[in-house]
Amino acid sequence: MKPKIGIFGLSGCWGEQIAILNCEDQLLDIIGAVDIVDFLGGSSVNDAESRLLVSFVEGSVANAREEAKIRQIRERSDLVVACGSCACFGGVSAMDAPFERPKVIETVYGSNGPIKSWDIGPHRPLSDFVKVDLAIPGCPMETTEFVRAVSALLNGDMPLMPTYPVCLECKMKENECLLVQRGLPCAGPVTMAGCDARCPSHNIACIGCRGPVEEANMASIEQIFGDKELPKEQIKLKLRVFAAPVLDRTEERG
Amino acid sequence: MKILKMAKHDLDFFASVLPAFGEVYAPVQRGKGFVFDKPSAWSEVRMDYTRTILPPKKLLLPPRETTFSFDPDQGFTDNLAEASKPVVLFGVHPYDIYGLNILDRVYAEAKFPDPYYIARRRATVVIGIDFVPDDKHCAGSMNADFVDHGFDIFLSDIGDDYLVLVGTSRGDDIVVKSGCLMQPATEADFAEYKKRSRIRRDSYKTKLELGDLPEILEMEYNSKVWDDFGARCLSCSSCSMVCPTCYCFDVTDETELGNRAGRRIRSWDSCLLRTHALVAGGENFREERSSRVKFRFYHKQRGFVAEYGRPSCVGCGRCVEVCPAEINIITVIETIRGERDGISSSAPASA
Amino acid sequence: MTRTISVDHLARVEGHGGITVVLEGNEVKKVDYNIFEGIRLFEGLVRGRAVEDVTQICSRICAICSHGHSITSLQALENALGITVTPQTRKLRDLAYQGANIESHSLHVFVLALPDLMGHPSAISLAAVAPDAVKLALRLKKLGNTVQEVLGGRAIHPVNYVIGGFGKVPTTDQLLSLKEQLKEGLEDCKRALDVLLTVPIPDFVNEPIRCAALAPEDEAFFFGNTIEILDGTTRKRIPVSDYRTFTNEHLVAHSHAKRSLFEGRSYMVGALARLTLNGDRIQGLARQVMEALKLKFPCANIVMNNIAQVVELVYSVEHALDLIQELFEAGYAAETPVPYEVKACAGAAATEVPRGTLFYSYEIDSKGLIAGADVITPTAQNFNNVEDQMRATVTQGLGAGASDDTIAQRLQIVARAYDPCISCSVHLVRV
Amino acid sequence: MESAAVHQRPPEHMDNPYQPHMARIVRIHRMVPDNYLFQLRFADDSVVQNWEHRPGQFVELSVIGTGEAPISISSPPTRKGILELCIRRAGRVTSALYRLPTNAMVGIRGPYGNGFPVEEMAGNDLLIIAGGLGMAPLRSLLWYALDNREKFGTVTLMYGARSPEEMLFREELLSLTDVDDLNCLLTVDRDPTGTWKHNVGLLPSLFQKATFDPNRTYAAVVGPPIVYKFVLAELLKLNFHKDRILMSLERRMKCGVGKCGHCSVGYKYTCIHGPVFTYWDAINLPEIV
Ligand SMILES: Cc1cc2nc3c(=O)[nH]c(=O)nc-3n(C[C@H](O)[C@H](O)[C@H](O)COP(=O)(O)OP(=O)(O)OC[C@H]3O[C@@H](n4cnc5c(N)ncnc54)[C@H](O)[C@@H]3O)c2cc1C
Ligand code: SF4
Ligand code: SF4
Ligand code: SF4
């Protein structure tokens, strides 16, 4: 019997579900190797109960409904895979806001709208609620990493994810360094690789979409950006777009 | 060694015979930097380049390489044929040739020679040229500013001509193939060479003292300067990626979907990365970033000396160019010798 | 007696939404299209950030339309800062739009909507019986993605679009290779037509639709500075800079998404609206497809939106080929982005993304930081129209004696015919 | 200094040190949970015939498609035909190995490392001290000594495990406690079963049970870091020579053949210069313990 898997989306842009559909060359092989029994984004007939070998979950948890959902997914799955930076780190919706959250909501929706009745909370990574067995970061996750992860999981192995920063891949591609040679605020040194240094390869400074490497030296990179005459608040804003909740945690740890 | 000369204006013609010996890679411009790449026209080749972003090691020990593929039914198929394609590497600076000679020591001459490296090294014609040092080069201090082997041909600028050192019989084949371009060098040419060699030697802006460095490194093993460097280091690994004598690699297996057929891949790794000495169960022999920064310099300037009689650093200046945190061979040696107060927090060396 | 027909969670649409219909006997009391996607507050979050940083953030509003979001955002910033991009940049952006259209339409038509028309719950089960059709769809989808990747550096959330141009323009070799792939794509379009000719198109007789789209100023079908609204037989025009008098956003209690009404009534944007307004521009194979699939205007059958998407898909492949040709004829060369200086300013832009008209506007302060932002997506504009269509569908179903289940089924077909992209609709209004 | 290897040896005639030989798992002996003994036989008979190793050497074990891990050889060179590996389930590769059934194929290359200097040790007394998994490499030395009994003076084994159930090769070692030409001292940290008939206490407590002549004894110590800490102190107290205390180190390894750089300690490579180092080396290699 083919292993049963589920694909779920919480609050996000659907990037990972689209990324899965973007594995055009492997999609039929994947469908051949696994039984996708619960995938609301792709099918109108779904089995929302049965035991799953792997659940791939996109998006952050932003309300009580989603919290219940992720707990239920955890319960029925042997492995929970957080797909994309929203699921892994909170993602863009959890970035630093210019003011306190109620104020932000008010500025977007007005002060006396129907929002009072809405079930809305801050965006949190899955790991704030349940155990996550594997994180495939990226905004969106790379299709190649998804396919590699599926193939390792089918072999019973935990997929190997990069643990090194974007600079390593950037250097492998022999790009001119945007941070050192051009003085641009490139987050490559503290950002998890796996994208093959997409942005620097296009002369664009890395914006950290894959989240921080485990021992990201934020203090040092902030100082180095500071040396490039960037205003302090802008440095923080730039470095905290995709993984603010996780960075907060690292900073608490010291 | 056979020593000839060739008029500079004949270089284009000389270049035209090279493709017969392999796919030609030469220094060309990329952004403000330079890379060894296949030039689309010879006019793109920059004889005056400072240093390439990656050293020639990228061609001999590629960043990511499939060593062999495997199939449960068919066993292993190695990738040596791919590694044996002839290449002409034109325009290599002496320190980079020195870098290759150091890689030879580890990859070709030590116990368990590496067949992939050797296949590539054998398939690669190396044509060296001399260079004008900038403020980041310290090849002079590292005794890597002149090489006596490791190349097939070496070109030295002596004004209107190049002095042509022919290092191997394959190099001589190229000379023969280029017809009557080469002429015997004269006394006057040698004199000119010596004059320029002197000027070159004196033109290094950066001078580092290696004499008792291994001993000083031992003395400073527990020094606080490593903590300072460790606090700044981003563990970005740039320094090791661009280093001509850093050769650590990682090995991973990749499989096809729903199958155990696949490939074994080795890719560049770095001792500055957290996982370099991490073993199962979570023990990490170099947990602190400072211990990793220290290890890198210790290995190059102390360990390699003990093992091979010289440091593995060749003074190319690449880590000086790339480190966002100003941790490089110059700042480290000067700090460790107590000749500078660590690194400043203002603009890095290459603004 | 009151009863409800509800669809708790719409499948095969992007994001989280449901439908609730309240009936009293045969009288339709209420039709609510609910959106309960977590709110994402983009316009609030970009405040105080530097102009060069906001586009990458706004791209994350929607994965499918990420190229559209990026480029519309950039054009709003460029309009504000007074930057004119080069003709080459404009053509390359147009090319990216064709890629987005190819990808989005093939995904929507073949993966999300076609299973409905062929009686399957998903493309997965469709793949078991019609593998060739699914492979064909995947090939076309991949073609669209390849175009987007070459231009934007990534299929989803492009990295290569910047104020004034591109981080790195595609190489000549990349464009040449695209050209070859697009030529093959044209053959696939013909095969797709053969498949579609065998598919029965259900007849949803609905109220006439009010259509809106940008009026193209040149051959770039998806760009323009004027909104055109077709109401019955009259055409009204509004400059994009006055878009708020057109979209008139408001909130409703049952949805996290905002709504639009023009002159108090709903309107439609998207492929069908575009072709209704500008279908006469369509030539070549796309016109043949339009005729073969019997797409005529005005068209009140909302399911024909999918057919309009097929026509656009073919158009986009053809137009992309033309664009590459024109780029080379104009002497294609590597360009760097147009430089700019920041100043206090404001500007708006609109483009036609696969699902309809997308509006962006920004206010920028003297330090180059965002002081205000507004994004109005096609889906948000379509919501009221979808509800109107749903109401008509319920009434029609009740009249024909259809069961509640059948009605629920048909409501979902209506929702999916619109290609709703719910996740992008959740944020909104000016700050 | 001409690079001889580069210019003379054609790679076609070279062994590829990275390509493993296939070997069949002939038996899996589930010694203790998460510590199994795998008996392997090379598929190719000529590899079986030509195989030679020294006690203390290791192999690189591949579960093809998952990866490689360095594993000490537990069987002595004196017993040919079957290669025994005592493996703890620790991570990816070892877990994948644990999922394999008997008769499955794995990849083996090696043997690597220096191993114990058995020629130099010959003629002396032997003290083998193992803590936990340290028994894996030392079992090879133990049996080498027992199979070449005439080459050594007295042979003492001190082995400590946390509890009787966690003692590796327990039956085998218990049967050795009765033989005359081996002083087999076993200890457990604690004995919840109450059935343990031998010493209970930490490893160093065994030192009271034997005497040594430091001038004619080699000590081979392998165990977790804590074992080194206490055992080394005892040995120094007994005036063992620093170059006659031998220890085997574990480091991350990706190649086993002195290239990948991961196993370096100070400036030595564990895979080439080790894994067996003398205590004197250890003092001079700052990172060693
Ligand atoms: C010389 C030597 C002899 C060894 N002998 C034995 C033995 O006899 N029995 C036994 O059970 N274990 C032994 N080990 C330890 C064993 O190699 C590790 O437990 C094993 O590599 C873990 O691999 P993994 O893939 O299961 O774990 P993971 O943690 O998933 O490791 C992934 C990779 O990291 C590397 N790695 C991780 N931990 C180690 C480590 N401790 N040493 C070297 N590389 C590591 C390997 O390349 C491995 O493939 C020995 C190690 C060395 C260096
Ligand atoms: S450009 Fe960015 S990612 Fe690349 S090396 Fe420099 S800092 Fe690292
Ligand atoms: S370079 Fe940085 S921002 Fe760009 S794709 Fe990679 S991780 Fe994301
Ligand atoms: S020393 Fe410099 S280049 Fe090397 S890892 Fe540290 S920060 Fe990066």
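Residues numbered from 1 in each chain as written. Chains lettered and ligands numbered in written order. Predicted model: local features only at pLDDT ≥ 70, side-chain atom pairs only at ≥ 80, totals over all residues. Heavy atoms only, no water.

**Things to note about the overall build of chain D**
- When its secondary structure is counted, chain D shows eight helices and 15 strands.
- Here chain D has a C-alpha radius of gyration of 19 Å; the compact-globule value for 289 residues is 19 Å, and the two agree.
- When its C-alpha atoms are laid out on the principal axes, chain D stretches across 60 × 50 × 35 Å.
- Burial analysis of chain D (289 residues in total) assigns 60% to the buried set. (Helix = DSSP H or I, 4+ residues; strand = E, 2+ residues; numbered from the N terminus. Rg over C-alpha atoms; globule rule 2.2 N^0.38 Å. Buried < 20%, exposed > 50% of the residue type's maximum accessible area, 1.4 Å probe, protein only.)

**Here we look at the packing of aromatic side chains**
- For the structure shown, the criterion picks out 30 aromatic pairs over all chains.
- Ring geometry for Phe112(B) and Tyr112(D): centres 5.2 Å apart, planes at 85°, overall edge-to-face. With Phe112(B) in the loop between helix 4 (94-109) and helix 5 (115-123) and Tyr112(D) in strand 6 (residues 105-112), this pair bridges two chains.
- Looking at Tyr112(D), the relative accessible area reads 5%, which means it is buried. (Phe/Tyr/Trp six-rings, centres within 6.5 Å; stacked < 30°, edge-to-face > 60°.)

**Topic: helix 6 (residues 143-154) of chain A**
All names here are of chain A.
- Between its first and last C-alpha, helix 6 extends 17 Å over 12 residues, near the 16 Å set by a 1.5 Å rise per residue.
- Here helix 6 has its buried residues at Glu145, Phe146, Val147, Ala149, Val150, Ser151, Ala152 and Leu153.
- Note on helix 6: the residue one or two positions beyond its end, Gly156, has a positive phi of about 90°. (Expected span 1.5 Å × (residues − 1).)

**Observations concerning the domain arrangement of chain B**
Residues and elements named next belong to chain B.
- The domain boundaries assigned to chain B delineate domain 1 (2-202) and domain 2 (213-336).
- Looking at the side of domain 1 facing domain 2, the largest losses of area belong to Lys57, Phe70 and Met142, adding up to 21% of the total buried there.
- Our count for the domain 1 to domain 2 interface comes out at five salt bridges.
- Across the pair Arg318 and Asp96 runs a salt bridge, and its minimum N-O distance is 2.8 Å. (Domains from an automatic or database assignment. Buried area = accessible area lost by both parts, 1.4 Å probe. Salt bridge = Lys/Arg side-chain N within 4 Å of Asp/Glu carboxyl O.)

**Comments concerning the site of ligand 2**
Residue and element names in this part refer to chain A.
- Ligand 2 sits among Val166, Cys167, Cys170, Lys171, Cys177, Leu178, Leu179, Cys186, Gly188, Pro189 and Pro200.
- Counting residues per element, the shell around ligand 2 draws most heavily on helix 7 (residues 166-172), at four residues.
- Looking at the shell around ligand 2, its residues break down into nine nonpolar, one polar and one charged. (Near = heavy atom within 4 Å. Nonpolar A, V, L, I, M, F, W, Y, C, P; charged D, E, K, R; others polar.)

**Structural notes on the interface of chain A and chain D**
- Each partner contributes to the interface: chain A provides five residues, whereas chain D provides five residues.
- Where chain A abuts chain D, roughly 380 Å² becomes buried across the two surfaces, and 31% of that area is made up of carbon and sulfur atoms.
- Connecting chain A to chain D are one salt bridge.
- The partner of Arg99(D) in a salt bridge is Asp157(A), and the shortest N-O contact between them spans 2.8 Å.
- Run the count over chain A and chain D and you get five residue pairs in polar contact (both at pLDDT 80 or more). (Contact = heavy atoms within 4.5 Å. Polar contact = N/O pair within 3.5 Å; in protein donor to acceptor, adjacent residues only side chain to side chain.)

**Quick notes on unusual backbone geometry**
- In this model, Gly110(D) is joined to Pro111(D) through a cis peptide bond whose omega is -5°.
- Between Gly274(D) and the following residue, Pro275(D), the backbone shows a cis peptide bond with an omega angle of 10°.
- Note on placement: Pro275(D) falls in the loop between strand 14 (268-269) and strand 15 (276-278).
- One non-glycine residue, Asp196(A), lies in positive phi territory at about 60°.
- Here Asp196(A) lies in the loop between helix 7 and helix 8 (198-201).
- The backbone of Ser235(B) sits at a positive phi, close to 50°, despite the residue not being glycine.

**Some words on the pattern of salt bridges**
- Under the defined criterion, the tally for this structure stands at 84 salt bridges over all chains.
- Across the salt bridge formed by Lys238(A) and Glu52(C), the nearest N and O atoms sit 3.5 Å from each other. Linking Lys238(A) in helix 10 (residues 232-239) with Glu52(C) in helix 2 (residues 51-59), this pair reaches from one chain into another.
- Given a relative accessible area of 45%, Glu52(C) falls into the partly exposed group.
- A salt bridge links Arg3(C) to Asp404(C), with the nearest nitrogen and oxygen atoms 2.9 Å apart. Here Arg3(C), found in strand 1 (residues 2-7), pairs with Asp404(C), found in helix 13 (residues 404-417); they are 401 residues apart in sequence, far enough to count as distant.
- Since its relative accessible area comes to 27%, Arg3(C) is described here as partly exposed.
- Looking at Asp404(C), the relative accessible area reads 27%, which means it is partly exposed.
- Taken together, the shared-partner salt bridges connect Lys8(B), Asp157(B), Glu192(B), Lys195(B) and Arg196(B) into one network.

**Let's talk about the nonpolar core**
- Among the nonpolar cores identified, the biggest contains 167 residues, and Leu151(C) and Tyr362(C) are the most heavily contacted of them.
- Each of domain 1 (4-154) and domain 2 (166-253) of chain A accounts for three or more of the residues forming this core.
- Those residues within four positions of Leu151(C) in sequence are excluded, and the remaining contacts are Leu92(C), Leu95(C), Ala96(C), Asn160(C), Tyr161(C), Phe166(C), Pro170(C) and Leu178(C). (Core = buried A, V, L, I, M, F, W, Y, C linked by side-chain atoms within 4.5 Å.)

**What about a nonpolar patch on the surface?**
- Taken together, the side chains of Met1(B), Ile3(B) and Phe190(B) present a nonpolar region at the surface, about 270 Å² in accessible area.
- Here Ile3(B) lies in strand 1 (residues 2-7). (Patch = residues over 30% accessible without salt bridge, like charges linked within 9 Å, V, L, I, M, F, W, Y side chains within 5 Å. Areas by Shrake-Rupley, 256 points an atom, 1.4 Å probe, with all protein chains shown as cover.)

**Observations concerning the domain arrangement of chain D**
All names here are of chain D.
- Domain annotation for chain D reports domain 1 (21-112) and domain 2 (118-284).
- Distance from the C-alpha centre of domain 1 to the C-alpha centre of domain 2: 21 Å.
- Taken together, the contact between domain 1 and domain 2 spans 25 residues of the former and 25 residues of the latter.
- Interface area for domain 1 against domain 2, summed over the two sides, is near 2,000 Å², with a carbon-plus-sulfur share of 59%.
- The interface formed by domain 1 and domain 2 includes three salt bridges.
- Across the pair Arg79 and Asp147 runs a salt bridge, and its minimum N-O distance is 2.9 Å.
- Counting across the domain 1 and domain 2 interface gives nine residue pairs in polar contact (both at pLDDT 80 or more).

**Overview of the site of ligand 4**
- In the neighbourhood of ligand 4, the contacting residues comprise Cys233(B), Leu234(B), Ser235(B), Cys236(B), Ser237(B), Ser238(B), Cys239(B), Leu272(B), Cys323(B) and Ile327(B).
- Residue composition of the shell around ligand 4, grouped by class: seven nonpolar, three polar and no charged.

**So, the packing of helix 7 (residues 172-197) of chain C against helix 11 (residues 304-329) of chain C**
Residue and element names in this part refer to chain C.
- Packing of helix 7 against helix 11 leaves a shortest axis separation of 9 Å and a crossing angle of 155°. Classed by the angle they form, the pair helix 7 and helix 11 counts as roughly antiparallel. Taken as a pair, helix 7 and helix 11 cross one another with a handedness that is left-handed. Where helix 7 approaches helix 11, its residues Thr172, Leu175, Leu176, Leu178, Lys179, Leu182, Lys183, Gly185, Leu186, Cys189 and Leu196 are matched on the opposing element by Val310, Leu313, Val314, Val317, Glu318, Ala320, Leu321, Ile324, Gln325, Leu327 and Phe328.
- For the contact of helix 7 with helix 11, the class distribution of residues is 16 nonpolar, three polar and three charged. (Axes fitted to C-alpha atoms, helices over the stretch in contact; angles between N-to-C directions. Parallel < 35°, antiparallel > 145°, perpendicular 65-115°, else oblique. Left-handed = near helix turned anticlockwise from the far one by under 90°.)

**A word on the sheet that holds strand 9 (residues 161-166) of chain B**
Residues and elements named next belong to chain B.
- Strand order in the open sheet formed by eight strands is 3-2-6-7-8-9-1-10, with mixed pairing between adjacent strands. Looking along the sheet, the strands with just one partner apiece sit at the ends: strand 3 (33-37) and strand 10 (183-184).
- Together, strand 3, strand 6 (87-92), strand 7 (124-129) and strand 8 (153-157) form the strand contacts of helix 4, whose direction differs from that of strand 7 by roughly 145°.
- Against the sheet, helix 5 touches strand 6 and strand 7, its axis set at about 60° to strand 7. (Pairing = 2+ DSSP bridges.)

**Digging into the environment of Glu66(A)**
Residue and element names in this part refer to chain A.
- Summarising the element assignment, Glu66 is placed in helix 3 (residues 64-76).
- Relative accessible area serves as the criterion here: at 1%, Glu66 is assigned to the buried category.
- Taking the C-alpha atoms as reference points, Glu66 and Gly9, 57 residues apart in sequence, are found 9.4 Å from one another.

**Notes on the environment of Arg210(C)**
All names here are of chain C.
- Within the element layout of this structure, Arg210 appears in the loop between helix 7 and strand 6 (211-215).
- Distance from Arg210 to Thr276, taken between C-alpha atoms, is 9.8 Å for residues 66 residues apart in sequence.
- Those residues within four positions of Arg210 in sequence are excluded, and the remaining contacts are Leu230, Asp231, Phe262, Glu263, Arg265, Ser266, Tyr267 and Met268.
- One polar contact links Arg210 to Asp231, side chain to side chain, over a distance of 3.0 Å.
- Within the structure, Arg210 has its side chain in polar contact with the backbone oxygen of Ser266 (distance 3.3 Å).

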